[in-house]
Amino acid sequence: MPTLTVRELQVSYGRAITALRNVSLEVPAGAVVAVLGSNGAGKTTLLRAISGVLAEHGAAADRGEIVFDGRPITRRSAAAIVAVGIVQAPEGRRIFERLTVGENLRIGSFGVHDAAANRRARRFVCELFPILHDRRDERAGLLSGGQQQMLAIGRALMADPRLLLLDEPSLGLAPQVVGQIAQVITEINARGTTILVVEQNAAMALSVAAHAFVLTTGEVSLSGPAGVLAADDTVRDLYLGRD
Ligand code: ATP
C-alpha cells in the first residue's frame, strides 16, 4: 500500500497563479521518490501542500486530495501533519543560527514525548553525522553550508518521521558534499524511513531515488523508474546535460 498518494492536486496562489495542475504521484512505503523540476516548476508548492502550510504562503488547494496511509490529510494543519509522521527538512540553511547545534537538534524532538524514541533518534543522528555530535556546543551559524544542511536533516530526523520530505538538499553545496548528502539519504532510507526528495539536481536525485516525477510548469510531464528517466532524452537534455 502506498504511504503517500497525491491525486489530481491543483494549487493556486490567489486567483491569478495556478502553481500545480492535476498533479498525481505516489510514494510507496519504504521508497525514495524524487520530484525534479527547474525554478518555478512548482516543487516547493507541492511540499507546502503536503506539509499543510499552503495558507501561510497565500495559497490553497482548489482540487484534488492528499492521502497518507489511507487518511486524507489535504487541508489538515501543519501540526496535525507532523503528528501523523510527515516531517520536512527545510531547504538549505534554515536552521537557528544563534542556537547551538545541540539546541537545534532538541527543537526537532519537541513533539516526541517517548524518551526512548528520543534517545534512539539522537543516537542515529550522531552516527549519521558525527560532526554534529562533535560540534554540539557550537553555534549553528558557525557550521559550513554542508554541515548546516546536515543539521537541517538531523533536526527533521529527531522528530522520528515516517515520511521525510527533503527540499533541495543539494542546493548551493560543492559536488563532494552533494555526494555525502546522497549517501546520507540512502542510509536514512535503509533504516526504514520513506523519503520524498525535491531537487533541481537531477543527477543526484536519480542516483538515490527508485522512482521520479518531473514537474514542468506545475504539471507532471514525465514519470518512471529513476533508471529509465536517467536514460530519457528529454531529461538528459533539460536536466542532466550531455557531454
Ligand atoms: P524554486 O526551485 O525556485 O523554489 P519551485 O519549483 O519550487 O521553484 P514554486 O516555488 O513552487 O516552484 O513556484 C511555482 C509557481 O508558484 C511559480 O510560478 C511561482 O511564481 C508561484 N509562487 C510560489 N510562491 C508564491 C507566493 N508566495 N505567491 C505567489 N506566487 C507564488
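About the cut-offs
- Residues numbered from 1 in each chain as written.
- Predicted model: local features only at pLDDT ≥ 70, side-chain atom pairs only at ≥ 80, totals over all residues.
- Heavy atoms only, no water.
- Helix = DSSP H or I, 4+ residues; strand = E, 2+ residues; numbered from the N terminus.
- Rg over C-alpha atoms; globule rule 2.2 N^0.38 Å.
- Buried < 20%, exposed > 50% of the residue type's maximum accessible area, 1.4 Å probe, protein only.
- Contact = heavy atoms within 4.5 Å.
- Areas by Shrake-Rupley, 256 points an atom, 1.4 Å probe, with all protein chains shown as cover.
- Near = heavy atom within 4 Å.
- Polar contact = N/O pair within 3.5 Å; in protein donor to acceptor, adjacent residues only side chain to side chain.
- Salt bridge = Lys/Arg side-chain N within 4 Å of Asp/Glu carboxyl O.

Details of the overall build of the protein
Thinking step 1. Within the protein one finds 10 helices and 10 strands.
Thinking step 2. In terms of overall dimensions, the protein is globule-like: its C-alpha atoms have a radius of gyration of 17 Å, near the 18 Å expected for 243 residues.
Thinking step 3. With respect to the principal axes defined by its C-alpha atoms, the protein has extents near 45 × 45 × 35 Å.
Thinking step 4. Taking all 243 residues of the protein together, 50% fall into the buried category.
Thinking step 5. When contacts within the protein are restricted to residue pairs at least 6 apart in sequence, long-range pairs at least 24 apart make up 68% of them.
Thinking step 6. For the protein, the accessible surface area stands at approximately 11,400 Å², while carbon and sulfur atoms represent 50% of it.

Observations regarding the site of the ligand
Thinking step 1. Near the ligand you find 15 residues, and of these N39, G40, G42, T44 and T45 are the closest.
Thinking step 2. At a separation of 2.9 Å, an oxygen atom of the ligand approaches a polar side-chain atom of K43.
Thinking step 3. Residue assignment for the shell around the ligand shows that the elements contributing at least two residues are β2 (17-28) and α1 (43-51).
Thinking step 4. Top contributing element to the shell around the ligand by residue count: α1, with four residues.

Some points on the side chain of S170
Thinking step 1. Of note, S170 is situated in the loop between β7 (163-167) and α7 (175-190).
Thinking step 2. What makes S170 buried here is its relative accessible area of 7%.
Thinking step 3. In contact with S170, not counting residues within four places along its chain, are V178, E199, N201 and M204.

Examining the pattern of salt bridges
Thinking step 1. Evaluation of the coordinates by the stated rule reveals six salt bridges.
Thinking step 2. Notably, a salt bridge pairs E65 with R7, separated by 2.4 Å at the nearest N-O pair. With E65 in strand β4 (residues 59-68) and R7 in strand β1 (residues 2-13), this residue pair connects regions lying 58 residues apart in the sequence.
Thinking step 3. In this structure, E127 and R191 form a salt bridge, with 3.7 Å as the shortest nitrogen-oxygen distance. With E127 in helix α4 (residues 115-128) and R191 in the loop between α7 and β8 (194-199), the pair connects residues that are 64 residues apart, well separated along the chain.
Thinking step 4. You can call E127 exposed: its relative accessible area is 53%.

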